[in-house]
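# Architecture at a glance
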Amino acid sequence: MGRRVRLGLIGLGRMGRFHAENLAVELACVADADEAVARESGERLGVDWSTAYEDVLDDAATEGVVIVTPTPLHAEIIEQAAAVGKHVFCEKPISLELEPTLTAIEAA
């Protein structure tokens, strides 16, 4: 088996915590707007944590991101992640509107 891709996870709601526990990757860091949730999850998983998803995108050691935020944030984060060369895994849907969905797909 090859090396594991280092990922950062953005969004620690119910599905985000589920993915954090079950992804077969090297989880490098997590971010959530709720500081208590970010801290608790980061400490429990033994990874860096932040309340700003931009910190995950700025982490040079993180090769990709798992986006599990509320749907209205998906397209914007996908575009930002693509702009800094990150691999992207995003919960569905990308957006509730067609134009941001197409823009995010094109960015990726």
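What you see is a predicted model, and the numbers here were worked out from it, not measured in a lab. (Residues numbered from 1 in each chain as written. Predicted model: local features only at pLDDT ≥ 70, side-chain atom pairs only at ≥ 80, totals over all residues. Heavy atoms only, no water.)

Time to look at the environment of V66. Along the polypeptide, V66 turns up in strand 4 (residues 64-67). Between the C-alpha atom of V66 and that of L102, which follows or precedes it by 36 residues, the distance is 19 Å. Look past the residues within four positions of V66 in its chain and what remains in contact with it is L7, G8, L9, I10, L23 and F89. (Helix = DSSP H or I, 4+ residues; strand = E, 2+ residues; numbered from the N terminus. Contact = heavy atoms within 4.5 Å.)

Two faces belong to every sheet, and in a regular strand the side chains alternate between them. Most of strand 2 (residues 26-31) is tucked away: 5 of the 6 residues are buried. Judged from the 5 bridges that link them, strand 1 (residues 6-10) and strand 2 form a sheet pairing that is parallel. Within strand 2, the residue paired with L9 across the bridge is V30. With helix 2 (residues 35-45) bridging strand 2 and its parallel neighbour strand 3 (residues 48-50), the resulting β-α-β unit is right-handed. (Buried < 20%, exposed > 50% of the residue type's maximum accessible area, 1.4 Å probe, protein only. Pairing = 2+ DSSP bridges. Right-handed = clockwise from strand over helix to strand, strands pointing away.)

So, on to the pattern of salt bridges. Counted by the stated rule, this structure contains 4 salt bridges. In this structure, the salt-bridge partner of E35 is R39, at a minimum N-O distance of 2.4 Å. Within this pair, E35 and its partner R39 are both found in helix 2, separated by 4 residues, close to a single helical turn. For E35, a relative accessible area of 39% puts it in the partly exposed group. A relative accessible area of 32% means that R39 is categorised as partly exposed. In this structure, a network of salt bridges that share partners links the residues E21, E40 and R44. (Salt bridge = Lys/Arg side-chain N within 4 Å of Asp/Glu carboxyl O.)

A word on the nonpolar core. Counting residues in each nonpolar core, the largest one holds 14 residues, and the members touching the most others are I10, Y53, V56, L57, V65, I67 and I77. Looking at this core, the elements with two or more residues in it are strand 2, helix 3 (53-58), strand 4 and helix 4 (71-83). Here this core takes 4 residues from helix 4, the largest share from any one element. In this structure Y53 touches I10, A31, E76, I77 and Q80, once residues within four positions along its chain are discounted. (Core = buried A, V, L, I, M, F, W, Y, C linked by side-chain atoms within 4.5 Å.)

Judged by side-chain charge, E54, D55, D58, E76 and E79 come together as a negatively charged surface patch. Those elements that place two or more of their residues in the negative patch are helix 3 and helix 4. Sorting elements by how many residues they give to the negative patch places helix 3 first, with 3 residues. Within the secondary structure, E54 sits in helix 3. (Patch = residues over 30% accessible without salt bridge, like charges linked within 9 Å, V, L, I, M, F, W, Y side chains within 5 Å. Areas by Shrake-Rupley, 256 points an atom, 1.4 Å probe, with all protein chains shown as cover. Lys, Arg positive; Asp, Glu negative; His and termini not counted. Charge placed at Lys NZ, Arg CZ, Asp CG, Glu CD.)

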